Amino acid sequence: DQQVKQNSPSLSVQEGRISILNCDYTNSMFDYFLWYKKYPAEGPTFLISISSIKDKNEDGRFTVFLNKSAKHLSLHIVPSQPGDSAVYFCAATVYDNYGQNFVFGPGTRLSVLP
Amino acid sequence: DVKVTQSSRYLVKRTGEKVFLECVQDMDHENMFWYRQDPGLGLRLIYFSYDVKMKEKGDIPEGYSVSREKKERFSLILESASTNQTSMYLCASSPAGGPGANVLTFGAGSRLTVL
């Protein structure tokens, strides 16, 4: 049972337009949410995060929105650039018996077309 | 520049071989993790460790073991490799608290092919 879901395996966007990547979660105990970007043959790199007590966080071209009542978050990239083409993973953190645990979604492959 | 280093980027092994994947971090992080990444399945947690000599099973520990003898080093061991363990293996670390505690830093990954 996936606790973090990314229902779109892939997304194509024209350069300069907005990219919107979506993520849904089921565990109301998640307290922190992150987005990671991954190029082929490389490890994921941290992109942006948001605490569960906030509803928006912005960093340059990247904005993450959190809707706790809907258990939904989204990543907006404006404007999209060809270098943004990568797999994007949504992740959430929760404290369990051992400490902090990170749960990842299956990823969305973004293609930004020139 | 702080980093997580995975010693082998690409490995090809035969079924039944013992495989060691090494991971070293230079950030003095307490927490270390091993994930595998497969298309459509995302990152799945194999094992994690919150302290030296400590290890806990993640979501898919079967067929794997780990070793953490020093704080900076976390090794993943495949006792007898099988073809269904062909995957990208990712090591990550995070501090136990303070700034950055909510962020994992990943290594570049180890692509393992088992024939």
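A word on the environment of Q81 of chain A
Residue and element names in this part refer to chain A.
(1) Moving on: Relative to the elements of secondary structure, Q81 occurs in the loop between β8 (72–77) and β9 (86–95).
(2) Moving on: C-alpha separation for the pair Q81 and F102, spaced 21 residues apart in sequence, amounts to 29 Å.
(3) Moving on: Aside from chain neighbours lying at most four places away, what touches Q81 is R61 and V112.

Some words on the pattern of salt bridges
Residue and element names in this part refer to chain B.
(1) Moving on: Scanning all chains against the criterion turns up 9 salt bridges over all chains.
(2) Moving on: The closest approach of N and O atoms between E79 and K18, which form a salt bridge, is 3.5 Å. Of this pair, E79 sits in the loop between β9 (73–78) and β10 (87–94) while K18 sits in the loop between β2 (10–13) and β3 (19–21), and the two are 61 residues apart along the sequence.
(3) Moving on: Its salt-bridge partner being K53, residue E69 comes within 2.6 Å of it at the nearest N-O pair. Of this pair, E69 sits in strand β8 (residues 64–70) while K53 sits in the loop between β6 (42–49) and β7 (56–57), placing them 16 residues apart in sequence.
(4) Moving on: Residue classification places K53 among the exposed residues on the basis of a relative accessible area of 60%.

As for a nonpolar patch on the surface
Residues and elements named next belong to chain A.
(1) Moving on: Judged by side-chain polarity, I18, I20 and V78 come together as a nonpolar surface patch covering roughly 230 Å² of accessible area.
(2) Moving on: Counting through the fold element by element, V78 comes out in the loop between β8 and β9.
(3) Moving on: Exposure remark for V78: the relative accessible area of 43% places this residue in the partly exposed category.

Quick word on the pairing of strand β7 (residues 62–67) of chain A
All names here are of chain A.
(1) Moving on: The pairing of strand β6 (residues 56–59) with β7 spans 4 bridges and is antiparallel. From the neighbouring strand, K56 faces β7, where its bridge partner is F65.
(2) Moving on: Two elements, β7 and β8, share 6 bridges in a ladder whose sense is antiparallel. Considered in β8, the bridge of F65 is made with S74.
(3) Moving on: Linking two consecutive strands that pair antiparallel, namely β7 and β8, is a turn of 4 residues; a positive phi of about 50° is found at K71 within it.

Describing the packing of aromatic side chains
(1) Moving on: Inspection of the entire model under this criterion finds 15 aromatic pairs over all chains.
(2) Moving on: With a centroid separation of 5.9 Å and an interplanar angle of 70°, the aromatic rings of F104 of chain A and F106 of chain B are classed as edge-to-face. Of this pair, F104 of chain A sits in strand β10 (residues 100–104) while F106 of chain B sits in strand β11 (residues 105–106), on two different chains.
(3) Moving on: What makes F106 of chain B buried here is its relative accessible area of 9%.
(4) Moving on: By the ring-pair criterion, three or more aromatic residues cluster together here, those being Y36, F46, F102 and F104 of chain A together with F33, Y35, F48, Y50 and F106 of chain B.

Notes on the interface of chain B and chain A
Accessible area lost on assembly of the parts is the figure often given for the size of an interface.
(1) Moving on: In this complex, chain B contributes 23 residues to the contact, which on the side of chain A involves 19 residues.
(2) Moving on: Summed over both partners, the interface of chain B with chain A buries about 1800 Å², with 58% contributed by carbon and sulfur atoms.
(3) Moving on: When residues of chain B are sorted by the area they lose upon contact with chain A, L43, Y50 and N102 of chain B head the list and together hold 31% of the total.
(4) Moving on: One can count 0 salt bridges joining chain B with chain A.
(5) Moving on: By residue number, the principal contributor to the side of chain B that touches chain A is β6 of chain B, which donates 4 residues.
(6) Moving on: Split into classes, the residues belonging to the side of chain B that touches chain A amount to 15 nonpolar, 6 polar and 2 charged.

Calculation criteria
Residues numbered from 1 in each chain as written. Chains lettered and ligands numbered in written order. Predicted model: local features only at pLDDT ≥ 70, side-chain atom pairs only at ≥ 80, totals over all residues. Heavy atoms only, no water. Helix = DSSP H or I, 4+ residues; strand = E, 2+ residues; numbered from the N terminus. Contact = heavy atoms within 4.5 Å. Salt bridge = Lys/Arg side-chain N within 4 Å of Asp/Glu carboxyl O. Buried < 20%, exposed > 50% of the residue type's maximum accessible area, 1.4 Å probe, protein only. Patch = residues over 30% accessible without salt bridge, like charges linked within 9 Å, V, L, I, M, F, W, Y side chains within 5 Å. Areas by Shrake-Rupley, 256 points an atom, 1.4 Å probe, with all protein chains shown as cover. Pairing = 2+ DSSP bridges. Phe/Tyr/Trp six-rings, centres within 6.5 Å; stacked < 30°, edge-to-face > 60°. Buried area = accessible area lost by both parts, 1.4 Å probe. Nonpolar A, V, L, I, M, F, W, Y, C, P; charged D, E, K, R; others polar.

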